[in-house]
Structures are given as C-alpha cells and as structure tokens.
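A look at the structure
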Amino acid sequence: MSTATLPYEPKLYSTDLFAKALRGPDAVDSAAVAGYLKDGYLTVNGFYTSDEVKAGIQGLSDLIMGKNEAFKHIQFEPRLKQEQIDKMGLEEREYAVRKLMSFCPYDARLHAMAFHPVLMATLEKIFGEPVQCIQEMALLKPPQGSEKPWHQDKAYFNYAVDTRVVGVWIALDEATVENGCMHVLPGAHKQGAIYHYPVRDWQICDRDMYEKKIMACPLEPGGLLLFDGLMPHGTPVNLSNKRRRALQFHYIAKSAQKIPLEERIKIYGGKDNGMEC
Ligand SMILES: O=C(O)CCC(=O)C(=O)O
Ligand SMILES: [Fe+2]
C-alpha cells in the first residue's frame, strides 16, 4: 500500500505536531501527572529498560510459539488456517499474529511490565485510589498492517462516562508515524463521549477529525503513552517495512462500578447500529 491507495485521507493522521516525551520513570513526577490530567495524555521514553523490553518480547514469542499450552488468547491474521499456522516457525508466526490478550497470568515478564512499580504509583496518583488492570493486549502491526481508526477506548468498556479509565500503550519496537504510532487529540478527553459509527471499523466519524490539532506520539522501544479513556486516538496503516509491536493495558479504580451494556450503547452507539456519518 502507498499513500495513494490509503483507505482514508492522509490528513486524518496529519503530522504537524509531535508529542514531547519525558525521559525515564523518575521524570514522571507530580508536574507530569498534572500535565496528564490537563492534556489527557503523557509520553515517556525509556520508561522500561532494554532488558525489560527484551524480556517482554521473549514472553510474547514464547506465547506465540505455544510454549504454554494453557494460553489460548491469540488472534492470527484471519485468512490463515490452523494447519498453516502449525507449520510456521517463530519469525513467520510472529508476523502472522495480530493480537494477544489476557496474557499476564501466563508470563511473569509481561506481568512485570503491566505492574511496573512506577507505573502503578503514577496510576494511583492519577486515580487517587488503588487501581486494577482490566485489559491486557499485545498489538502487532506488521508492514502493510491496517489502520486502527479514531476512537475512544471507553466506547469499548461498560463504565459511566465520568468513571476514569486510563490506557497505557507501550512501544516494544520503535513506533513512528511511518509504521503506525499512536495519534491523539490533546485536551479532547474533556469533551466527553463521542458517538461511534461503523465505517472502516466502529469509530469516530473521519470528518470530525479533519483540521484538528492532531499530535503524533512516536516512541522509542520501552517508551509509553498514558492516555485517558475518553481521548480520541488512532493509528495509521503501517507504510514502512518495519513491524510495530506494542502492549496496551487499561486500568480503573478498584472501586469502579460497571453500567449495563445498553447504557453504553446509548452513549457511544452500537457496532451494528446501521448509522451513517
Ligand atoms: O495499537 C494500535 O494500533 C491501536 C490500538 C488501540 O487503540 C486499541 O486497541 O484500542
Ligand atoms: Fe484504542
């Protein structure tokens, strides 16, 4: 795929603005937390050491190669049949995986990344109370890998609009504009819930994102992005020849209460609501 054949207008991920990342876990102080609360996002390079990143990648490779037979939460490229997957070696398999979920109970190295002490302390400052992890994902975007259109993560969770959700997106490879790094809209988390429509995915209307002050969030391996559950965000098609592997965790307060699915659908729309935008 080239820019000429993109399934969206290139301005959907305009690259005029780049997030300025802090460096290292020690840089995440109260000023950083205040900035996060104001802007709805925060980027930190060098949050994890290269050994922690290597260990996390090894953890994923082991799960991908089926070293833990109890682990089943893995999504391969949908066109692949199981017998094709069974014949693949590590490298081929790694490029064929799109997603792994709920892996922390199966791998101590990945668990350590999700529950890094400075990350947990920062989250407790943001929430002002003890937190729990409600979602674990590894998102592997290969060369040519598809876009994740603009959306709010809270559209996927059954919590009230004013119940805080924080996402943490961790780069395992360098994440660049070319290979599909995150893009956010600073401050837009304060605008509340946005209705989602089935377009290329279940997403925010493209038109609503044009001419906005979009911020690209490139990260080094071991860098992380903290972002509010109401922050509109998306990642473009991977137009490079480099894969982009990332981990993504979501956290809420231990005291948070769920709402019924129907209430969430009223707020954000449903995946098959037949609405057009
Ligand atoms: O890693 C990506 O490409 C974006 C993932 C994302 O935003 C999500 O899964 O909610
Ligand atoms: Fe998301």
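Everything that follows concerns the structure shown earlier in this document.
Basis of the calculations
All chains use their own residue numbering, which begins from 1 and follows the written sequence. A letter from A marks each chain and a number from 1 marks each ligand, given out in the order of writing. For a predicted model such as this one, the threshold for reporting local features is a pLDDT of at least 70, and the threshold for listing and counting side-chain atom pairs is 80 or more; totals across whole chains, interfaces and linings nevertheless cover every residue. Hydrogen atoms and water are omitted, and side-chain values are computed over all heavy atoms in the structure. We call an atom a donor if it is N, O or S and sits within 2.8 Å of the metal, or 3.2 Å for Na, K and Ca. Water is not counted, so some sites may look partial. Burial classes: relative accessible area under 20% of the type maximum marks a residue as buried, over 50% as exposed, and values in between as partly exposed (1.4 Å probe, protein chains only). Summary of the distance rule: residues count as near a molecule or strand when at least one heavy atom falls within 4 Å of that molecule or strand. Polar contact criterion, stated in full: a pair of N or O atoms within 3.5 Å, where within protein one must be able to donate a hydrogen and the other to accept it, and residues adjacent in sequence count only if both atoms are side-chain atoms. Using a 1.4 Å probe, accessible areas were evaluated by the Shrake-Rupley method; residue-level cover was limited to the displayed protein chains. The definitions used throughout rest on a 1 Å grid laid over the protein atoms alone, on which a cavity is an enclosed set of points accommodating a 1.4 Å probe that cannot get out and a pocket is an open set flanked by protein within 12 Å on both sides along at least five of seven lines; lining residues are those having an atom within 4 Å of a point. Molecule-in-pocket calls rest on the fraction of atoms, with more than half required to lie within 2 Å of the cavity or pocket grid points. Basically, the charged four are Asp, Glu, Lys and Arg, the nonpolar ten are Ala, Val, Leu, Ile, Met, Phe, Trp, Tyr, Cys and Pro, and anything else, Gly included, counts as polar. A pair of aromatic rings is counted whenever rings of Phe, Tyr or Trp (Trp by its six-membered ring) have centres within 6.5 Å, and the orientation is called stacked for planes under 30 degrees apart, edge-to-face for over 60 and tilted otherwise. Helix and strand definitions here come from DSSP, where helices need a minimum of 4 consecutive H or I residues and strands a minimum of 2 consecutive E residues; each element is numbered from the N-terminal end. Here, over-ring charges are defined by two tests on the NZ atom of lysine or the CZ atom of arginine: distance to the ring centre within 6 Å, and angle to the ring normal within 35 degrees.

With respect to the coordination of the iron ion (ligand 2)
Of the protein atoms, only His151 (NE2), Asp153 (OD) and His233 (NE2) coordinate the iron ion (ligand 2), at distances of 2.1 Å. Every donor residue of the iron ion (ligand 2) comes from the same chain, spaced as H-x1-D-x79-H. Here the two residues His151 and Asp153 agree in accessibility, since each one is buried.

A look at the site of ligand 1
Residues in close proximity to ligand 1 include Leu139, Lys148, His151, Asp153, Trp169, Met182, His233, Thr235, Arg244 and Gln248, which together make up its full environment. One nitrogen or oxygen atom from the side chain of Thr235 is found 2.7 Å from an oxygen atom belonging to ligand 1. The separation between an oxygen atom of ligand 1 and a polar side-chain atom of Gln248 is 3.2 Å. Burial of ligand 1 by the protein chains amounts to 91% of its free accessible area of 300 Å². Judged by its atoms lying within 2 Å of the grid points, ligand 1 is housed in the largest pocket. By residue class, the composition of the shell around ligand 1 is 3 nonpolar, 4 polar and 3 charged.

Quick word on the packing of aromatic side chains
The tally for this structure, following the rule as stated, stands at 7 aromatic pairs. Their ring planes at 70° and their centres at 5.2 Å tell us that Phe71 and Tyr106 sit as a pair that is edge-to-face. You can see Phe71 sitting in the loop between α2 (50-64) and β4 (74-76) and its partner Tyr106 sitting in the loop between β5 (97-101) and α5 (108-114), a full 35 residues away along the chain. Under the relative-accessibility criterion, Phe71 is labelled buried at 7%. Assessed through its relative accessible area of 27%, Tyr106 is described here as partly exposed. Through a chain of ring-to-ring contacts, the aromatic side chains of Tyr8, Tyr13 and Trp150 assemble into a single cluster. The residue whose ring lies beneath Lys11 is Tyr210, and the NZ or CZ to ring-centre distance is 4.3 Å.

Fair warning: the whole summary comes from geometry, so function is off the table for now.
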